[in-house]
Amino acid sequence: MAQHNWLLSVAGKRYGRILDYGAGNSPCRELFDCQEYLKADVEQNAAGDIDFLIDPHVAETSYSSHYFDLVLCLDVLEHVEDGAAVVQELFRVLRPGGMVLISTPFMYREHEYPYDRRRYTSIGIREELLRAGFHEVRVEKFGNVWQAMSDAWYGSVYRNTEPVHLRLRERISRKLYRMFLLPILNLTLFSQHDRDDNNSVYVELLVTGYKN
């Protein structure tokens, strides 16, 4: 929900070219109005519409420098071999005045084994973008300790994207939780944020970087 609202906040204008780096099935494509929306990933998706296949050991694309107005990199950096190289590539293909949107988890279970490689802190991700050349970086923290605990319990239904076999009682409890309790928690406990920004527990980082 937080990521969706964050994307909506920048989707209200028409863009020229957009790159979705690590696109997968591009669940956010319909949010954006643009002249050209190109998708890059390490493998082809089910729809067969990935435009460029990335070598996972290199992270580079064949697109020209300063080519895109907006670059998306959503829940990708935790999986790549070299996060710094990916951020540098995002900077290279972005035109001056362009913007990159990066999301990455923090308090979240290990997933998509064996390709879950890192967690960034808010300080670490900011430094990564500044080293790559971005002149302004805005980092937003979302979630809290209650949401982290919920994700740890409810998320145990899946292991490496595959459903885990649960006993009937466990399946029923999670279904009831999702149907009745989770909507209430999203509006109450999960919407609260730690007031101590320097000592906070959060679930996800949403990062906006700007290029001169």
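Everything discussed here concerns the structure shown above.
Described below are features of the structure shown in this document. Starting from 1, residues in each chain are numbered consecutively following that chain's sequence as written. For a predicted model such as this one, the threshold for reporting local features is a pLDDT of at least 70, and the threshold for listing and counting side-chain atom pairs is 80 or more; totals across whole chains, interfaces and linings nevertheless cover every residue. Excluded from the side-chain calculations are hydrogens and water; all other atoms, namely the structure's heavy atoms, are used.

**Things to note about the overall build of the protein**
Put simply, DSSP H or I for four residues or longer makes a helix, DSSP E for two residues or longer makes a strand, and each gets a number counted from the N terminus. When you go through the protein residue by residue, the secondary structure sums to 5 helices and 9 strands. Of the regular secondary structure in the protein, the N- to C-terminal order runs α-β-β-β-β-α-β-α-β-α-β-β-α-β. We call a residue buried when its accessible area falls under 20% of the maximum for its residue type, exposed when it is over 50%, and partly exposed in between, using a 1.4 Å probe and counting protein chains only. The burial tally for the protein puts 43% of its 212 residues in the buried class. Considering only residue pairs separated by 6 or more positions, the protein has 68% of its internal contacts joining residues 24 or more positions apart. Throughout, the Shrake-Rupley method with a 1.4 Å probe supplies accessible areas, and for residues the shown protein chains are the sole cover considered. Carbon and sulfur atoms provide 53% of the accessible area of the protein, an area that totals close to 12,000 Å². Once the 24 positive and 30 negative side-chain charges of the protein are each reduced to a mean point, those two points are 5 Å apart. A contact between two residues is defined here by any heavy atoms of the two lying within 4.5 Å. Note that His is not counted, nor are the chain ends; the positive residues are Lys and Arg, and the negative ones are Asp and Glu. Just so you know, the charge point we use is NZ for Lys, CZ for Arg, CG for Asp and CD for Glu.

**A closer look at unusual backbone geometry**
With omega at 5°, the peptide bond leading from Tyr 113 into Pro 114 counts as cis. Within the secondary structure, Pro 114 is located in the loop between β5 (94–105) and α3 (122–132). For Asp 75, which is not glycine, the phi torsion reads 55° and is therefore positive. Position of Asp 75 among the secondary structure elements: in the loop between β4 (68–74) and α2 (83–93). Look at Glu 112: it is not a glycine, yet its phi comes out positive at around 50°. By the element assignment, Glu 112 lies in the loop between β5 and α3.

**A short note on the packing of aromatic side chains**
Two rings from Phe, Tyr or Trp (for Trp, the six-membered ring) form a pair when their centres sit within 6.5 Å of each other. Planes less than 30 degrees apart are called stacked, planes more than 60 degrees apart edge-to-face, and all others tilted. Applying the stated criterion across every chain yields a total of 8 aromatic pairs. Centre to centre, the rings of Tyr 63 and Tyr 67 are 6.2 Å apart; their planes meet at 10°, and the pair counts as stacked. Given the relative accessible area of 25%, Tyr 67 is considered partly exposed. An aromatic cluster is defined as three or more aromatic residues linked by ring pairs; in this entry it consists of Phe 52, Tyr 63, Tyr 67 and Phe 68. Here, a charge over a ring means that NZ of Lys or CZ of Arg falls within 6 Å of the ring centre while also lying within 35 degrees of the ring normal. One residue, Arg 17, lies across the ring of Tyr 67, its end atom 4.0 Å from the ring centre.

**Structural notes on a nonpolar patch on the surface**
Nonpolar side chains (Val, Leu, Ile, Met, Phe, Trp, Tyr) within 5 Å and like charges within 9 Å form the patches, drawn only from residues with over 30% relative accessible area and no salt bridge. For this document, the term salt bridge refers to a Lys or Arg side-chain nitrogen within 4 Å of an Asp or Glu carboxyl oxygen. Taken together, the side chains of Leu 168, Ile 172, Leu 176, Met 179 and Phe 180 make up a nonpolar region of the molecular surface, amounting to roughly 500 Å² of accessible area. If you trace the backbone, Phe 180 turns up in helix α5 (residues 168–187). Judged by its relative accessible area of 52%, Phe 180 is exposed.

**Some remarks on the sheet that holds β4**
Pairing between strands is defined by DSSP: at least two bridges between them are needed. Spatially, the 7 strands line up as an open sheet ordered β3-β2-β1-β4-β5-β9-β6, and their pairing is mixed. Both outer strands of the open sheet, β3 (52–53) and β6 (136–142), are each paired with one neighbouring strand and no more. Pairing of β4 with β5, which is carried by 6 bridges, proceeds in the parallel orientation. Of the residues in β5, the one forming a bridge with Leu 74 is Ser 103. On top of the sheet, α2 reaches β1 (14–21), β4 and β5; it is set at about 150° to β5, its chief contact. Helix axes use the C-alpha atoms of the stretch in contact, all axes being lines fitted to C-alpha atoms, and the angles between their N-to-C directions lie in the range 0 to 180 degrees. The sheet contacts of α3 involve β5, β6 and β9 (204–210), and relative to β6 the element is tilted by about 155°.

**What about the packing of α2 against α3?**
Two elements in contact, α2 and α3, have axes separated by 9 Å at closest approach and are oriented at 50°. Put simply, α2 runs oblique to α3. Handedness of the α2/α3 crossing: right-handed. Two secondary-structure elements touch here, α2 through Gly 83, Ala 84, Val 87, Gln 88 and Phe 91 and α3 through Glu 128, Leu 129 and Ala 132. Split into classes, the residues belonging to the contact of α2 with α3 amount to 5 nonpolar, 2 polar and 1 charged. We call two directions roughly parallel when the angle between them is under 35 degrees, roughly antiparallel when it is over 145, roughly perpendicular when it lies between 65 and 115, and oblique otherwise. By definition, any crossing whose near helix is turned counterclockwise from its far helix by less than a right angle is left-handed, and any crossing with a clockwise turn is right-handed. Gly is placed with the polar residues, together with every amino acid not listed as nonpolar (Ala, Val, Leu, Ile, Met, Phe, Trp, Tyr, Cys and Pro) or charged (Asp, Glu, Lys and Arg).

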